[in-house]
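Each chain, letter by letter, is given below.
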Amino acid sequence: MKGPCAVAVVVVVALINLSEGFQPRRIMFARCSSEEQVPRALFMTCANRHGVCEVRLGQSHNLRAIFIPQLNSSDVDSYVRWNGWMEIPLPDQQRDACDGELACPLVAGQMTQFTYSLQIQNFWPRKEYPVIWSLTDRKTDEPLLCFKFKINII
Ligand SMILES: *[C@@H]1O[C@H](CO)[C@@H](O)[C@H](O)[C@H]1NC(C)=O
C-alpha cells in the first residue's frame, strides 16, 4: 500500500481513535490488605484529566494494571465489585482473566499486564463509587493482585 491510499488509512485510524475519546492516564489506588500485591502502576481511560476517574454511562473504559506476580498461575479469576457498606459484584463481568485479559500462564517475577474493558451500564446512578478489584489463582485460591480505587459515574 502506498501514496494517497496509505494516507487515507492513517486519517481513518486517527479519526477512529478520536471518536473513542478518552486517553489512558495514571490513576491512584490503595492497597487491599498487607498480604496482597498492589500494581506497579494503574491506568484508565477517564473522561477527565485529573482526580477521581470520571466514567460515562453506557461507555466502555479501559483499565490496565502493571504488576509482578509472586506466583505462577495458569488460571486466574478477575473479580470487581463496588466496595460500599456491602460488596456488590459488577454485573456481566468477565471473570476468566486468562481469556484475553492476561497473557497466561503468569510467571512469578515477570512484569505482567492486566487489561480490562469496563462497561458502565446505563442503570447505575451517577455518583462516586469505591471499587475493589482482585486477581486470584483459581487452583490455590491465592491472591495475585488486589487494588482499590474510585470512579465517578457521570
Ligand atoms: C514458575 O515457573 C517457572 C517455569 O515457567 C519455574 O522456573 C519457576 O520455578 C516457577 N516458580 C514458582 C514460584 O513456582
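For the structure, check the block above.
Keep in mind it's a predicted model, so treat the numbers as computed, not measured.

As for the pattern of salt bridges
When the charged atoms of two side chains lie near each other, side chains of opposite charge can form a pair. Counted according to the given criterion, the structure contains five salt bridges. The salt bridge partner of R138 is D75, with a shortest N-O separation of 3.2 Å. Note that R138 is positioned in the loop between strand 8 (128–137) and strand 9 (143–153) and D75 in the loop between strand 4 (60–67) and strand 5 (76–83), a separation of 63 residues in sequence. Given the relative accessible area of 36%, R138 is considered partly exposed. A salt bridge links R138 to D96; the shortest N-O distance between them is 3.8 Å. With R138 in the loop between strand 8 and strand 9 and D96 in the loop between strand 6 (87–89) and strand 7 (112–119), this pair connects stretches of sequence that are 42 residues apart. Here the salt bridges do not stand alone but share partners, grouping D75, D77, R95, D96 and R138 into one network.

Section: the packing of aromatic side chains
On inspection of all chains with the given rule, the structure shows nine aromatic pairs. Relative to F147, the ring of W133 has its centre 6.1 Å away and its plane inclined at 25°; by these criteria the two rings are stacked. Here F147 lies in strand 9 and W133 lies in strand 8, a separation of 14 residues in the sequence. A network of ring pairs unites the aromatic residues F114, Y116, W133, F147 and F149 as a single cluster. Above the face of the F43 ring, R64 is positioned so that its terminal group lies 4.6 Å from the ring centre.

Some words on the state of the cysteines
Taken as a whole and assessed by the stated rule, the structure comprises three disulfides. Across the disulfide, C46 is cross-linked to C53 (sulfur-sulfur distance 2.0 Å). With the S-S dihedral at roughly -110°, the linkage between C46 and C53 falls on the left-handed side. Pair check on accessibility: C46 and C53 agree, each one buried. The disulfide partner of C98 is C104, and the S-S distance across this bridge is 2.0 Å.

Let's talk about the side chain of T136
Along the chain, T136 turns up in strand 8. When neighbours within four sequence positions are excluded, T136 is seen to be in contact with D75, V76, D77, D141, E142, P143 and L144.

So, the environment of F123
Take F123: it is sitting in the loop between strand 7 and strand 8. Each C-alpha atom of the pair F123 and L57 lies 8.0 Å from the other, and the pair is 66 residues apart in sequence.

Some remarks on the sheet that holds strand 7
Spatial strand order, 1-2-4-7: four strands in an open sheet with antiparallel pairing. Either end of the sheet is taken by a strand with one partner, and the two such strands are strand 1 (24–26) and strand 7. For this sheet, the mean angle separating the axes of adjacent strands, direction not counted, is 20°. Sheet topology note: the strand 2 (residues 41–45)/strand 4 ladder contains four bridges and is antiparallel. Within the sheet, the bridge partner assigned to L42 lies in strand 4 and is A65.

The rules we used
Residues numbered from 1 in each chain as written. Predicted model: local features only at pLDDT ≥ 70, side-chain atom pairs only at ≥ 80, totals over all residues. Heavy atoms only, no water. Salt bridge = Lys/Arg side-chain N within 4 Å of Asp/Glu carboxyl O. Helix = DSSP H or I, 4+ residues; strand = E, 2+ residues; numbered from the N terminus. Buried < 20%, exposed > 50% of the residue type's maximum accessible area, 1.4 Å probe, protein only. Phe/Tyr/Trp six-rings, centres within 6.5 Å; stacked < 30°, edge-to-face > 60°. Lys NZ or Arg CZ within 6 Å of the ring centre and 35° of its normal. Disulfide = S-S within 2.5 Å. Contact = heavy atoms within 4.5 Å. Pairing = 2+ DSSP bridges. Axes fitted to C-alpha atoms, helices over the stretch in contact; angles between N-to-C directions.

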